[in-house]
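Given next are the chains, with one letter for each unit.
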Amino acid sequence: MGRADERRARQRGGRRAAPRGRSTETDSMTPSTAESVATAEAVPETAAAAGGRAAARRGAKKSGKGAKGTAGKKDKGFIRRLFTWKKILGTFLGLVVAVIGAFLWLYMSTPIPKGNPDAALQSNVYEYGNGAILARDGEVNRENVELAKIPEEVQHTFVAAENKSFYTDAGVDLKGTARGVLNTLMGKGAQGGSTITQQYVKNYYLTQEQTVTRKLKELVISLKLDREKEKDYILAGYINTSYYGRGAYGIQAAAQAYYRVDADKLTVQQGAYLAALLQAPSQYDWTSASDTGKKLVTARWNYVLDNMVEKDWLDKSKRDTMTFEEPKEPKAAPGKEGQIGYLVDAANTELAKQLVAQGVADDYESGMALVRRGGWNIELNIDKKKQKALEAAVKDQLTSKLDKKKRSVDGDVQAGAVSVNPKTGAVEAMYGGTGYTDHYTNNATRTDYQPASTFKPVILAAAFDEAAKTQDGDQITANTLYDGTSKRPVVGSDIGFAPENEDDQDYGDVTVQTALNKSINSVFAQMGVDVGMPEVLKVAANLGMDTADLKAVPAQTLGTMGASPLQMAGVYATLDNHGKQVTPALIKSAENSAHPTFKHTDPIGEQVISREAADSVTSVLTGVVDDGTAKKSVRDNPLRKGQKVAGKTGTSDNNKSAWFTGYTPDLVTSVGLFGESAKAPHPQVPLTGATTGLSSDAGRINGGGFPAQIWATYTFGVSTKVTKFDLDTDQGAAVQTASPSPSSSPSASSSPSSSPSASSSPSSSPSASSSPSTSSKPSSSPSITPTGDTSSEPSTDDPSTGSEDPEDPLFGQ
């Protein structure tokens with residue numbers, strides 16, 4: 001401030017306030033000095049005064065922060081200097097240049113290689129468990145054809161299906177490749193997006209492995225190939241090296257496998273199906289596809305033709321008249337006669353799934369491609385002696401008695417069986433059908449038939465494991481009483497269900513033990529509701545069944561879902577193994593120099609239900625054999641030498657399937673008979689009326705008939721060792737009869753009087769309109785010997801659902 005300003009300020013009488021922090025200094029001055037200083041500092045209330053106050057505030061703020069404030073300013077300054085826009089831009093440009101440089105180096109240093117030796121495919125060798133050779137499978141079903149011999153419209157079906165821009169692109173899909181590389185780095189597996197050129201490069205020049213290196217090589221080689229070769233050369237290579245399913249490599253083999261024509265005779269409709277197949281050959285094979293698979297491949301077939309119209313490769317009016325042409329039945333390759341083909345195909349399927357589990361392949365199809373490339377030495381768990389014994393048992397007890405000339409229905413009978421060691425999980429024998437070259441579908445692994453009442457032990461296992469209670473609040477045990485009235489509506493369910501017992505038989509009040517012995521539908525329908533159907537399906541999944549798409553409805557208690565003998569053998573093996581999950585393993589080991597060795601060292605998993613629950617079910621199942629539907633075929637079988645047996649029969653709705661799944665302490669075997677029309681397209685048909693023996697009075701083929709007889713002939717022939725079940729339970733038919741405990745609730749009689757004999761009249765049991773209570777107090781008697789004549793003709797359930805149809809899609813069929 002100038003002197004003139006000070007004079008003007010004094011004239012106006014204004015004084016500038018002393019700065020903060022200086023009051024002490026001023027106080028120490030003499031009056032005259034203080035006055036002089038005050039006079040010198042006096043200012044008007046102007047901008048200068050405001051500036052002084054601001055400076056004072058900054059000083060105070062600075063003094064409050066101290067060293068910390070100083071450090072903060074330094075840090076901010078350092079960050080600003082480090083991340084300037086110039087440096088960020090420079091770094092980015094540097095990275096771009098580095099990536100481009102690396103790619104150019106990769107492009108220049110990566111030549112187009114010779115064809116992958118794996119593309120020639122080697123043989124696979126299959127051995128029995130003792131090392132003896134079972135089969136060699138390696139003759140490649142492939143015949144290359146010139147593109148000019150393939151109709152142009154058929155050529156276009158493949159382009160329309162896989163890569164519409166094929167004729168104009170540079171051979172690569174950069175976006176799809178980048179996505180694939182990122183997914184590989186992040187462990188998310190493969191995703192679509194590759195061009196026809198890239199797929200051909202992968203099939204012919206490289207491998208199916210999912211690595212970043214392979215994907216980058218695929219990109220570079222595809223770019224080079226597109227520049228050096230004609231599009232027709234690439235397309236021809238692609239359709240001649242791709243795998244179409246049914247063991248067919250290339251379009252010529254595929255045309256023969258699916259339509260029995262040469263590639264030059266394919267129609268557009270047929271070509272569109274073959275092109276659609278490439279996305280998922282196993283899932284889209286029409287003759288074995290599920291309903292979902294058929295819908296998916298039909299949708300893709302339409303997609304291919306619509307794309308052809310879009311690209312002006314097909315006239316729309318012609319497209320509108322086209323209908324889907326179903327492929328013909330598959331034919332087995334030579335050299336796989338008898339059971340060999342079934343075993344080889346089942347082993348290939350298991351190995352492909354294992355390669356996916358190990359991360360060697362991304363999905364089942366790529367896993368199967370690796371298997372079919374060959375070079376594998378595969379040792380199976382199959383016991384040669386047991387395999388021959390199982391085949392002989394089926395022949396002796398069933399196929400030798402079938403005569404389709406006398407009874408046309410005999411030609412519709414199919415049998416499948418699997419035998420599993422419950423302690424190791426090893427599949428020791430498998431029967432797939434009359435012969436691989438005669439009947440292509442493996443009856444041991446097919447999942448399209450109902451397991452029927454062989455599912456009832458799963459419900460009982462869930463009841464025991466969940467400590468479930470009846471509607472009256474009584475805990476469910478082997479001695480709990482249930483109302484066995486036929487067509488009795490279940491109580492406690494939002495979905496109405498009143499299943500009919502076999503032959504509409506009324507049983508009145510019966511114990512759970514008797515209900516399983518006689519396979520009473522109404523009892524287990526109510527028990528499923530008591531346990532809770534979600535819990536029942538959860539336990540079923542834990543035991544080894546595929547329940548992913550099943551609805552938790554009461555009709556499932558009748559076993560209306562699909563299941564295979566292989567699955568049911570695994571379920572019962574888990575029960576036999578005291579609740580530790582057993583996953584049936586067909587392969588013991590598989591070796592290939594190009595891949596990690598695969599060994600089934602321990603197919604035994606964790607405890608999926610309690611030991612007490614599993615052992616209690618086993619105990620109850622011994623009653624089915626000794627006093628129930630399997631009495632004649634198993635208990636009284638002359639080959640039995642005292643072996644302890646637990647098992648369950650099953651007869652599906654309309655008698656389309658009949659089962660017996662049973663076990664000794666050392667061996668589990670599931671046998672299924674399936675009604676399949678001998679005429680294409682081979683729909684499911686009843687077994688009723690087939691053969692002249694071991695059928696019911698009504699001509700029905702029951703589980704206690706041929707299936708149980710096959711089981712007994714085989715099991716008692718190979719399991720001569722007499723061992724007892726080591727059971728941790730105090731209930732069921734295997735437990736010795738004991739006196740009731742004084743503190744227990746009122747016991748039921750050892751033979752419930754309300755349970756009628758086979759000849760009793762319906763009036764002898766409670767009517768369907770009786771009290772909705774599902775049980776009385778459970779009996780304390782550990783075992784009950786059921787009454788009722790099981791008769792010389794085994795009787796199982798032929799479930800009918802009364803007001804509900806178990807084959808309705810509502811019930812998860």
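Refer to the structure printed above.
Draft legend 1. Spotlight on the overall build of the protein. Assigned secondary structure in the protein consists of 27 helices and 16 strands. The proportion of buried residues among the 813 residues of the protein is 52%. With an accessible surface of roughly 36600 Å², the protein has 51% of that area assigned to carbon and sulfur atoms.

Draft legend 2. How the structure looks around the side chain of threonine 547. Inspection of the secondary structure puts threonine 547 in the loop between α23 (533–543) and α24 (565–576). Assessed through its relative accessible area of 14%, threonine 547 is described here as buried. Residues in contact with threonine 547, not counting those within four places in the same chain, are Leu537, Ala540 and Ala541.

Draft legend 3. Examining a nonpolar patch on the surface more closely. On the surface, a nonpolar cluster with roughly 470 Å² of combined accessible area is contributed by Trp85, Leu89, Phe92 and Leu93. You can see tryptophan 85 is positioned in helix α6 (residues 85–109). A relative accessible area of 61% means that tryptophan 85 is categorised as exposed.

Draft legend 4. Expanded view of the nonpolar core. Ranked by size, the top nonpolar core spans 84 residues in total, and within it Leu351, Leu380, Met527, Leu543 and Met545 carry the most contacts. Residues in contact with leucine 351, not counting those within four places in the same chain, are Val371, Trp376, Ile378, Ile587, Ala590 and Phe598. If you look at the next biggest cluster of nonpolar residues, it comprises 51 residues, including Tyr258, Val268, Tyr273 and Trp301.

Draft legend 5. Geometry of the sheet that holds strand β1 (residues 124–127). Pairing within the open sheet is mixed, and its 5 strands lie in the order β2-β1-β5-β11-β12. The strands lining the two open edges of the sheet, one partner per strand, are β2 (133–137) and β12 (595–599). The average undirected angle you get between the axes of adjacent strands in this sheet is 15°. Bridge analysis of strand β5 (residues 377–380) against strand β11 (residues 587–592) gives 4 bridges, and the strand direction is antiparallel. Of the residues in β11, the one forming a bridge with leucine 380 is isoleucine 587. Helix-sheet contacts for helix α17 (residues 340–357) involve β1, β2, β5, β11 and β12, and the interaxial angle to β2 is about 70°.

Draft legend 6. Inspection of the environment of serine 486 at higher detail. The residue serine 486 is located in the loop between β8 (481–483) and β9 (509–511) in this model. Classification of serine 486 as buried rests on a relative accessible area of 5%. Sequence separation of serine 486 and aspartate 506 is 20 residues, and the distance between their C-alpha atoms is 5.1 Å. When sequence neighbours within four positions are dropped, the list of residues in contact with serine 486 reads Pro499, Glu500, Asn501, Asp504, Gln505 and Asp506. Separated by 2.6 Å, the side chains of serine 486 and aspartate 504 make a polar contact.

Draft legend 7. Fine view of the packing of helix α19 (residues 384–397) against helix α27 (residues 706–718). At a minimum axis separation of 9 Å, α19 and α27 run at an interaxial angle of 145°. Here the hand of the crossing between α19 and α27 comes out right-handed. Contact residues: Lys386, Ala389, Leu390, Ala393, Val394 and Gln397 in α19; Phe706, Gln709, Ile710, Thr713, Tyr714 and Val718 in α27. Of the residues in the contact of α19 with α27, the class split is 8 nonpolar, 3 polar and 1 charged.

Draft legend 8. Highlighting helix α9 (residues 196–204). The element α9 is largely enclosed, with a buried count of 8 among its 9 residues. Burial in α9 covers these residues: Ile196, Thr197, Gln198, Gln199, Tyr200, Val201, Lys202 and Asn203.

Draft legend 9. Structural detail: the environment of glycine 689. Looking at the secondary structure, you find glycine 689 in the loop between β16 (668–675) and α27. On the basis of relative accessible area, glycine 689 is assigned to the partly exposed category, the value being 32%. Taking the C-alpha atoms as reference points, glycine 689 and isoleucine 701, 12 residues apart in sequence, are found 7.6 Å from one another. Setting aside chain neighbours within four positions, we find glycine 689 in contact with Arg407, Val409, Asp410 and Gly699.

Draft legend 10. Layout of the packing of aromatic side chains. For the structure on display, the rule yields 18 aromatic pairs. Here phenylalanine 158 and tyrosine 244 contribute two aromatic rings whose centre-to-centre distance is 6.3 Å and whose plane-to-plane angle is 85°, an arrangement assigned as edge-to-face. Taken as a pair, phenylalanine 158 in helix α7 (residues 152–162) and tyrosine 244 in the loop between α11 (231–241) and β4 (248–249) lie far apart in primary sequence, 86 residues in all. One exposure class covers both phenylalanine 158 and tyrosine 244, and it is buried. Centroid distance tyrosine 273 to phenylalanine 324: 5.6 Å. Interplanar angle 80°. Geometry classified as edge-to-face. One end of the pair, tyrosine 273, is in helix α13 (residues 268–277); the other, phenylalanine 324, is in the loop between α16 (316–320) and α17, and 51 residues separate them in sequence. Tyrosine 273 sits in the buried class, given a relative accessible area of 0%. By way of ring pairs, the aromatic residues Tyr258, Tyr259, Tyr273, Trp286, Trp301 and Phe324 are connected into one cluster. Against the face of tyrosine 233 rests lysine 229, its NZ or CZ located 4.9 Å from the ring centre.

Draft legend 11. Main features of the pattern of salt bridges. Within the structure shown, the criterion is met by 25 salt bridges. Linking arginine 700 and aspartate 503 is a salt bridge whose minimum nitrogen-to-oxygen distance equals 3.5 Å. With arginine 700 in the loop between β16 and α27 and aspartate 503 in the loop between β8 and β9, this residue pair connects regions lying 197 residues apart in the sequence. In this structure arginine 700 comes out as buried when scored by relative accessible area, which is 8%. The class of aspartate 503 is exposed, set by a relative accessible area of 55%. Taken together, the shared-partner salt bridges in this structure form one network comprising Asp169, Asp226 and Lys231.

Draft legend 12. Broad picture of unusual backbone geometry. With an omega of 5°, the peptide bond running from alanine 680 to proline 681 counts as cis. Note that proline 681 resides in the loop between β16 and α27. At histidine 578, a residue that is not glycine, the phi angle is positive and equals roughly 65°. Looking at where histidine 578 falls in the secondary structure, it is placed in the loop between α24 and β10 (580–582). Histidine 578 sits in the partly exposed class, given a relative accessible area of 22%. Even without a glycine there, the phi angle at asparagine 654 is positive, about 65°. Its location among the elements puts asparagine 654 in the loop between β14 (646–651) and β15 (657–663). What makes asparagine 654 partly exposed here is its relative accessible area of 40%.

The rules we used
Residues numbered from 1 in each chain as written. Predicted model: local features only at pLDDT ≥ 70, side-chain atom pairs only at ≥ 80, totals over all residues. Heavy atoms only, no water. Helix = DSSP H or I, 4+ residues; strand = E, 2+ residues; numbered from the N terminus. Buried < 20%, exposed > 50% of the residue type's maximum accessible area, 1.4 Å probe, protein only. Areas by Shrake-Rupley, 256 points an atom, 1.4 Å probe, with all protein chains shown as cover. Contact = heavy atoms within 4.5 Å. Patch = residues over 30% accessible without salt bridge, like charges linked within 9 Å, V, L, I, M, F, W, Y side chains within 5 Å. Salt bridge = Lys/Arg side-chain N within 4 Å of Asp/Glu carboxyl O. Core = buried A, V, L, I, M, F, W, Y, C linked by side-chain atoms within 4.5 Å. Pairing = 2+ DSSP bridges. Axes fitted to C-alpha atoms, helices over the stretch in contact; angles between N-to-C directions. Polar contact = N/O pair within 3.5 Å; in protein donor to acceptor, adjacent residues only side chain to side chain. Left-handed = near helix turned anticlockwise from the far one by under 90°. Nonpolar A, V, L, I, M, F, W, Y, C, P; charged D, E, K, R; others polar. Phe/Tyr/Trp six-rings, centres within 6.5 Å; stacked < 30°, edge-to-face > 60°. Lys NZ or Arg CZ within 6 Å of the ring centre and 35° of its normal.

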